[in-house]
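# Structural overview
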Amino acid sequence: MAKDYYGILGVKRDSTADEIKRAYRRLAREFHPDVNPDPAAQEKFKEINAAYEVLSDPRKREMVDLGGDPLAPSGGGGGPQAGTFVGFQDIMDAFFGTQSARGPRPRVRPGADAILRLDLDLHETAFGVEAPIQVDTAVLCTTCQGAGTAPGTHPQTCEICQGRGEVQSVQRTFLGQVVSARPCSACQGFGTVIPHPCATCGGDGRVRTRRSLTVKIPSGVEDGMRIRLAQQGEIGPGGGQPGDLYVEIHERPHDVYSRKDDDLHCRVTVPMTAAALGTRLTIKTLDGEETVDVKAGTQPTSTLRIRGKGVPHLRGAGRGDLYVHLDVRTPTRLEPEQERLLREFARTRGEEVAELSKQGGFFSRMRDAFNGHQ
Ligand SMILES: [Zn+2]
Ligand SMILES: [Zn+2]
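Since this is a predicted model, take the numbers as computed values, not measurements. (Residues numbered from 1 in each chain as written. Chains lettered and ligands numbered in written order. Predicted model: local features only at pLDDT ≥ 70, side-chain atom pairs only at ≥ 80, totals over all residues. Heavy atoms only, no water.)

### Comments concerning the overall build of the protein
Broken down by element type, the protein carries 9 helices and 15 strands. Every one of the 374 residues in the protein was classed for burial, and the buried ones make up 33%. Put simply, of all contacts in the protein between residues at least 6 apart along the chain, 64% involve residues at least 24 apart. About 23500 Å² of surface is accessible on the protein, with carbon and sulfur atoms providing 51% of the total. (Helix = DSSP H or I, 4+ residues; strand = E, 2+ residues; numbered from the N terminus. Buried < 20%, exposed > 50% of the residue type's maximum accessible area, 1.4 Å probe, protein only. Contact = heavy atoms within 4.5 Å. Areas by Shrake-Rupley, 256 points an atom, 1.4 Å probe, with all protein chains shown as cover.)

Now the structure itself:
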């Protein structure tokens, strides 16, 4: 009876190589005798390794799928190799993480991107602006031109790692000796040391400074948009390629207009009489004054639309619209003559208006009704 290698790893028979590897790593971390002191763990660990040896090898896996056992002494096909521990690199990866590319890391590396906030008025976001900005950033050290060495000196090969940038350490495990590589701490993995660093930059190859530049903001930008200035971010260590600078637009709130996409909205108060009789309003737009007609019989919460007086579209031609929301106001205090005229007006329209006593108005009567007083 062949061993159930799939069952040992807890994977399905149609699992991919990747799924098998993941299952193996998870179990290896759990049952490794260095981690799990239970005596049964060692047996279990060997079993897991055997299962992985078989299932990670397409040829051996095929034998299993055909009902054979490549690790059985008489199984045939296993040969003298059977039982060899093949998961070695994988268990190293499981415990120490996958090793990245070997060799010393370069001293010259790309610089980081930077982001800068720019506050603009509605006029500026609408029509564009050339805005002066100041950036605190890292620039190339002119003393050493990025090399990080004092004038006339050079980096030297690290004596600890002989320029490899990594050191190997040998660990004893119950599987035997395990060799692993780590970045060399003497040279931080560079493989070289700078015995005489540049006095200006301390060996970094760059210095911090404040730079002034002008950013051209196109018309129609919106709050929250970012404008990318290629290679205007900080220069990299050792004089590496600069990152990008992003300028993030923040639009200051306007006291008259609120913006929705490329449309603008504002509110204008209109007396009740003007709404009833019609009137002509002068509206301030982004481009200057504009007169609009309020038709006779305009209702409260009416909106006027002035086409093309919104914000220019960022892409393509054209502009948004300006919406003027009308607040129709009813007079709050009437002179006796005005009241008389309004009553007369109501009477001619056949509108019934109840007379309220001056002392106890509508609200006080309502209050009395709630309190149960008649
Ligand atoms: Zn320098
Ligand atoms: Zn070193």
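### Looking at a nonpolar patch on the surface
Together, Leu 334, Leu 342 and Phe 345 make up an exposed nonpolar region whose accessible area comes to about 240 Å². By secondary structure assignment, the location of Phe 345 is in helix H8 (residues 336-348). For Phe 345, a relative accessible area of 45% corresponds to the partly exposed category. (Patch = residues over 30% accessible without salt bridge, like charges linked within 9 Å, V, L, I, M, F, W, Y side chains within 5 Å. Salt bridge = Lys/Arg side-chain N within 4 Å of Asp/Glu carboxyl O.)

### Quick look at the coordination of the zinc ion (ligand 2)
Six octahedral donors at a metal ideally form angles of 90 or 180 degrees, and four tetrahedral donors ideally form angles of 109.5 degrees. Within the protein, Cys 158 (SG), Cys 161 (SG), Cys 184 (SG) and Cys 187 (SG) serve as the donor atoms for the zinc ion (ligand 2), at 2.2 to 2.3 Å. The coordination sphere of the zinc ion (ligand 2) comprises 4 donor atoms, whose angles at the metal cover 102 to 115 degrees; the geometry is tetrahedral. Positions of the donor residues of the zinc ion (ligand 2), expressed as sequence spacing, correspond to C-x2-C-x22-C-x2-C. Taken as a pair, Cys 158 in the loop between strand S3 (156-157) and strand S4 (166-173) and Cys 187 in the loop between strand S5 (176-183) and strand S6 (192-193) lie far apart in primary sequence, 29 residues in all. Accessibility classification places Cys 158 together with Cys 187 in one group, the buried group. (Donors = N, O, S within 2.8 Å, 3.2 Å for Na, K, Ca; no water. Tetrahedral: all angles 85-135°; square planar, octahedral: opposite > 155°, others 65-115°.)

### What to know about the packing of helix H3 (residues 39-55) against helix H4 (residues 58-65)
In contact at an axis separation of 6 Å, H3 and H4 are set at 100 degrees when each is read in the N-to-C sense. Here H3 is positioned roughly perpendicular relative to H4, judged by the angle of their axes. Seen from H3, the contacting residues are Glu 53, Val 54 and Leu 55; seen from H4, they are Lys 60, Arg 61 and Val 64. In terms of residue class, the contact of H3 with H4 is built from 3 nonpolar, no polar and 3 charged. (Axes fitted to C-alpha atoms, helices over the stretch in contact; angles between N-to-C directions. Parallel < 35°, antiparallel > 145°, perpendicular 65-115°, else oblique. Nonpolar A, V, L, I, M, F, W, Y, C, P; charged D, E, K, R; others polar.)

### Observations concerning the pattern of salt bridges
Enumeration over the complete set of coordinates arrives at 21 salt bridges. Here Asp 18 and Arg 22 are joined by a salt bridge, their closest N and O atoms 3.1 Å apart. Here Asp 18 pairs with Arg 22, and both are found in helix H2 (residues 17-31), just 4 residues apart, close to one helical turn. Put simply, Asp 204, Arg 206, Arg 208 and Glu 234 are held in one network by salt bridges that share partners.

### What about the coordination of the zinc ion (ligand 1)?
Those donors, Cys 141 (SG), Cys 144 (SG), Cys 198 (SG) and Cys 201 (SG), are the protein atoms that reach the zinc ion (ligand 1), and they lie 2.3 Å from it. Coordination at the zinc ion (ligand 1) comes from 4 donor atoms whose angles at the metal span 106 to 116 degrees, giving a geometry best classed as tetrahedral. Donor residues for the zinc ion (ligand 1) sit on one chain with the sequence pattern C-x2-C-x53-C-x2-C. Here Cys 141, found in the loop between strand S2 (129-140) and S3, pairs with Cys 198, found in the loop between S6 and strand S7 (206-217); they are 57 residues apart in sequence, far enough to count as distant. Overall, the relative accessible area of 0% leaves Cys 141 in the buried class.

### A look at the nonpolar core
Core analysis: the largest hydrophobic core is formed by 20 residues, its most contacted members being Leu 281, Ile 283, Leu 322, Val 324 and Leu 326. Where this core is concerned, the elements lending two or more residues are helix H6 (122-127), strand S11 (263-271), helix H7 (272-277), strand S12 (279-285), strand S13 (288-294), strand S14 (303-306) and strand S15 (322-329). In terms of residue count, the dominant contributor to this core is S11 (4 residues). If you look at the next biggest cluster of nonpolar residues, it comprises 19 residues, including Tyr 6, Leu 9, Val 11 and Phe 31. (Core = buried A, V, L, I, M, F, W, Y, C linked by side-chain atoms within 4.5 Å.)

### A closer look at the sheet that holds strand S8 (residues 226-229)
Strands sit in the order S1-S9-S8 across an open sheet of 3 strands; the sheet is mixed. Each edge of the sheet is formed by a strand with only one pairing partner; in this case those strands are strand S1 (114-120) and S8. Between one strand axis and the next, the sheet turns by 25 degrees as a mean value, whatever way the strands run. (Pairing = 2+ DSSP bridges.)

### With respect to the packing of aromatic side chains
One pass over the structure, following the stated rule, counts 1 aromatic pair. Centre to centre, the rings of Tyr 24 and Tyr 52 are 4.1 Å apart; their planes meet at 10 degrees, and the pair counts as stacked. Residue Tyr 24 is located in helix H2, and its partner Tyr 52 is located in helix H3; the two are separated by 28 residues in the primary sequence. Lys 44 extends its terminal NZ or CZ atom over the ring of Phe 31, reaching a point 5.7 Å from the ring centre. (Phe/Tyr/Trp six-rings, centres within 6.5 Å; stacked < 30°, edge-to-face > 60°. Lys NZ or Arg CZ within 6 Å of the ring centre and 35° of its normal.)

### Digging into unusual backbone geometry
The phi dihedral of Gln 145 falls on the positive side, at around 55 degrees, and the residue is not glycine. Under the relative-accessibility criterion, Gln 145 is labelled exposed at 54%.

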